[in-house]
Amino acid sequence: MAKRETLFSGIQPTNQTHIGNYIGALKQWVELQSSNNCLFCIVDLHAITVPQNPEKLREDIRSTAATYLAVGLDPKKCTIFVQSDVPEHAELGWIMGTVARMSELERMTQFKDKAKKQKENVSVGLFTYPALMSADILLYDTTIVPVGEDQMQHVELARTLARRFNTQFGETFNVPHAVIQKTGARIMSLDDPKTKMSKSGTLANAIFLSDAPDVITRKIMRAVTDSGKGISFDPTKKPAISNLMTIFHHVTGDSMEKIEQDFGNKGYGDFKKALAEATVEYLTPIRKKREMYMKDQKELDRILKSGAETAHKKALKKIVTIRKNMGLGR
Ligand code: ATP
Ligand code: LTN
C-alpha cells in the first residue's frame, strides 16, 4: 500500500471558483482525499492582500466552502476549514517573513502580476503573501501540495524556507512537494489563450462553477480560436484549441488521441458545440449541489467549525515546537 501522505491546499475566497481552479486543483483534491490525510483551506487571509468588501468576502468564504463540498470533498474524509479560524497561520506567517529574503519575494511572479494589475496602493501583505503560504503548508508537516502550475514557485519557496529553518534552528519542518495535473495544470482564458484563466479576470475569461447552462454555452461558443483549421493538440501552435481540448478531456475522460480522432475532420463550431454540451452536463450537478449547500448555512457552519477545531489542534501542537526551537517566549 502506498504511504499515506499529508496534503494541504487552499483557494482564495475571491469571487466564484472557475473550471481552471477545478481542473488544476479541486479535481486532484477529490481524487486524493480517500487515501491521504488532507487539509483543504479557504485562505481568507490571502484574499485580503488585495482590497475586499467585508460583506462580499463573507459571502465568498461560504460560497467557496459550498463549492468544496459540491465537487465532492467529504468532511468525513478530509478537514475543511477557514484560514483565519486558526490563528497559528498568521503567527507562522510572521515567522516565515523573517526567514524569507526580500530578494526571494521580489522574484515571485504572482506578486509582480498582481502588483502591476493594481497599479497603486499595493499592500505590504501582497508582497509577503508567499511567506504566509509557506506557513500554511509547513504548519501541518505537509508532504504533498496539490496545486495549479501558477503556484509551483510559491511551493518551491516553502521548500527553501523549510530547509533554511531546519538548518538554522534544528529539524522542525518537513520539506513538501508540489503535485500538478499532467494536463490541465494551467487552463487558459477563453478570451485570451495567452493568459491564465483567473477569478479576477474578465467575466468571459472563465467558466465559473456557478454559471448557468446558457452562460456556459455562450462563453464556449464565443471562445477565441486559433487561425487555421483542425482539432489537434499542440499547445504551442494551437493554444486556444489545445486549451479547449484539455477542458474536453477533463469533462469527458476522453484521451487527446480520441478527441483528435472524433473531431479531426470537423470544424471548430462542431467541436465547441460538443464541448459546451459535455461541460454543461458535467457542471450541472456541481452547480445544483453548491446551491443546495448555500441554502443550508447551518450545515456549512457546522462543517467549518469542526474542520477548524481539527486543524487548530494540529497547528497548536506544531507552533509550540516552532516557538521553542526559535527561542521565542518565556
Ligand atoms: P485570482 O485571480 O483571484 O488570483 P485564481 O483564479 O488564480 O484567482 P486561486 O485562488 O489563486 O485562483 O487558486 C486556487 C487554485 O487553483 C490554486 O491551486 C491554483 O494554482 C489553481 N488555479 C488557478 N487558476 C488556474 C488555472 N487557470 N488553471 C489551473 N489551475 C489553476
Ligand atoms: N497562493 C494560493 C492559495 C494558497 C495555497 C496555500 C495553496 C494559499 N495558501 C497553501 C496551496 C497551499 C493561490 O493563490 N492560489
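The structure we're discussing is the one just above.
Report follows, based on the coordinates. Predicted model only: the values in this text are computed from it and were never measured.

The geometry of an aromatic ring pair is captured by the separation of the ring centres together with the interplanar angle, meaning the angle of the planes. Applying the stated rule across the entire model yields twelve aromatic pairs. Judged by centre distance (5.3 Å) and plane angle (85°), the ring pair of W29 and Y68 falls under edge-to-face. Here W29 is found in helix α1 (residues 19–32), whereas its partner Y68 is found in helix α3 (residues 54–70), with 39 residues between them in sequence. For W29, a relative accessible area of 0% puts it in the buried group. Overall, the relative accessible area of 0% leaves Y68 in the buried class. With 5.5 Å between their ring centres and 40° between their planes, F248 and F271 make a pair best called tilted. With F248 in helix α10 (residues 239–252) and F271 in helix α12 (residues 268–295), the pair connects residues that are 23 residues apart, well separated along the chain. The burial state of F248 is the same as that of F271; both residues are buried. One aromatic cluster is present, built from ring pairs that chain together F8, F81 and Y140.

This next bit is on the pattern of salt bridges. Counted according to the given criterion, the structure contains 15 salt bridges. Across the salt bridge formed by E5 and K3, the nearest N and O atoms sit 3.5 Å from each other.

This next bit is on the site of ligand 2. Every one of the 14 residues lining ligand 2 counts as a neighbour, but Q12, Y129, M133, D136 and Q151 are closest to it. Note that an oxygen atom of ligand 2 is positioned 2.5 Å from one of the side-chain N or O atoms of Y129. Burial of ligand 2 by the protein chains amounts to 92% of its free accessible area of 370 Å². Those elements that place two or more of their residues in the shell around ligand 2 are β1 (6–11) and α7 (124–138). Considering each element in turn, the shell around ligand 2 owes the most residues, four residues, to α7. Looking at the shell around ligand 2 residue by residue, the classes come out as seven nonpolar, six polar and one charged.

Ligand 1 sits among 22 residues. The nearest are D150, K196, S198, K199 and S200. Contact between ligand 1 and Q12: an oxygen atom at 3.1 Å from a main-chain N or O atom of the residue. Take K199: an N or O atom from its side chain is 2.6 Å from an oxygen atom of ligand 1. Starting from 600 Å² of accessible surface for ligand 1 in isolation, the protein chains cover 96%. A total of four residues in the shell around ligand 1 trace back to one element, the largest contributor, which is α1. Along the lines of polarity and charge, the residues of the shell around ligand 1 split into six nonpolar, eleven polar and five charged.

As a further point, take α12. If you check α12, its first and last C-alpha atoms are 39 Å apart, about what 28 residues at 1.5 Å a residue would give, namely 40 Å. Of all the bends found along α12, the most pronounced is centred on L283 and spans about 35°, while P285, a proline, follows it within four residues.

For K318, the location among the structural elements is in helix α13 (residues 297–326). If sequence neighbours within four positions are ignored, K318 has contacts with L138, L139, D141, T172 and F173.

Moving on: the pairing of strand β3 (residues 78–82). Taking burial as the measure, the five residues of β3 include five buried ones, the bulk of the element. The side-chain alternation of β3 yields two buried faces, one formed by C78, I80 and V82 and the other by T79 and F81. Pairing geometry for strand β2 (residues 37–42) and β3, over five bridges, is parallel. Each residue of the ladder has a partner; that of L39, found in β3, is T79.

Remark: α7 packs on helix α8 (residues 152–169), axes separated minimally by 9 Å, with the N-to-C direction vectors making an angle of 70°. Regarding the angle of α7 to α8, the classification is roughly perpendicular. Together, Y129, P130, M133, S134, I137 and L138 of α7 and H154, V155, L157, A158, L161 and A162 of α8 make up the contact between the two elements. For the contact of α7 with α8, the class distribution of residues is ten nonpolar, two polar and no charged.

Inspection of the secondary structure puts H177 in strand β5 (residues 177–179). For H177, a relative accessible area of 45% puts it in the partly exposed group. H177 sits 19 residues away from A158 along the chain, and the two C-alpha atoms are 9.3 Å apart. Apart from residues lying up to four places away in sequence, H177 is in contact with T143, I144, V145, V155 and R159.

Turning to the environment of D141, a few remarks are in order. With respect to the element layout, D141 can be found in the loop between α7 and β4 (144–146). Residues D141 and L7, 134 residues apart in the sequence, show an inter-C-alpha distance of 8.9 Å. With residues near it in sequence (within four places) discarded, D141 still touches T6, T172, N174 and K318. A distance of 2.7 Å separates polar atoms of two side chains, one belonging to D141 and the other to K318.

Reading guide: rules and limits
Position labels on residues start from 1 in each chain and follow its written sequence. Labels are handed out in written order, letters beginning with A for the chains and numbers beginning with 1 for the ligands. A pLDDT threshold of at least 70 governs which residues receive local features in this predicted model, and a stricter bar of 80 or more applies before side-chain atom pairs are shown or counted, although totals over entire chains, interfaces and linings include all residues. Note: side-chain values were computed over all heavy atoms of the structure, leaving out hydrogens and water. Ring pairs are drawn from Phe, Tyr and Trp, using the six-membered ring of Trp, whenever the two centres fall within 6.5 Å, and their geometry is named by plane angle: stacked under 30 degrees, edge-to-face over 60, tilted for the rest. Secondary structure follows DSSP: runs of H or I at least 4 residues long count as helices, runs of E at least 2 residues long count as strands, and numbering of each begins at the N terminus. Partly exposed describes any residue whose relative accessible area lies between the buried limit of under 20% and the exposed limit of over 50%, with all areas from a 1.4 Å probe on protein chains only and scaled to the type maximum. Note on definitions: salt bridges are taken to be side-chain nitrogens of Lys or Arg within 4 Å of carboxyl oxygens of Asp or Glu. Nearness is defined per residue: one heavy atom within 4 Å of the molecule or strand is enough. N or O atoms within 3.5 Å of each other form a polar contact, as long as, within protein, one can give a hydrogen and the other can take it, and as long as residues adjacent in sequence are counted only when both atoms are side-chain atoms. Surface exposure here means Shrake-Rupley accessible area, sampled with a 1.4 Å probe, where a residue is shielded only by the protein chains that are shown. Under the convention adopted here, Pro, Cys and the residues Ala, Val, Leu, Ile, Met, Phe, Trp and Tyr are nonpolar, Asp, Glu, Lys and Arg are charged, and Gly plus all remaining residues are polar. By this rule, a helix spans an expected 1.5 Å times one less than how many residues it contains. Two axes enter the definition of the bend at a residue: one is fitted to the seven residues ending there, the other to the seven starting there, and the bend is the angle between them. What makes two residues a contact is simply this: any of their non-hydrogen atoms within 4.5 Å. Criterion used throughout: strands pair if DSSP finds at least two bridges between them. Under this scheme, a helix contributes an axis fitted over its contacting stretch, all axes are lines through C-alpha atoms, and angles between N-to-C directions fall in the 0 to 180 degree range. Each angle receives one of four descriptions, namely roughly parallel if under 35 degrees, roughly antiparallel if over 145, roughly perpendicular if within 65 to 115, and oblique otherwise.

This is a description of form; function is not addressed.
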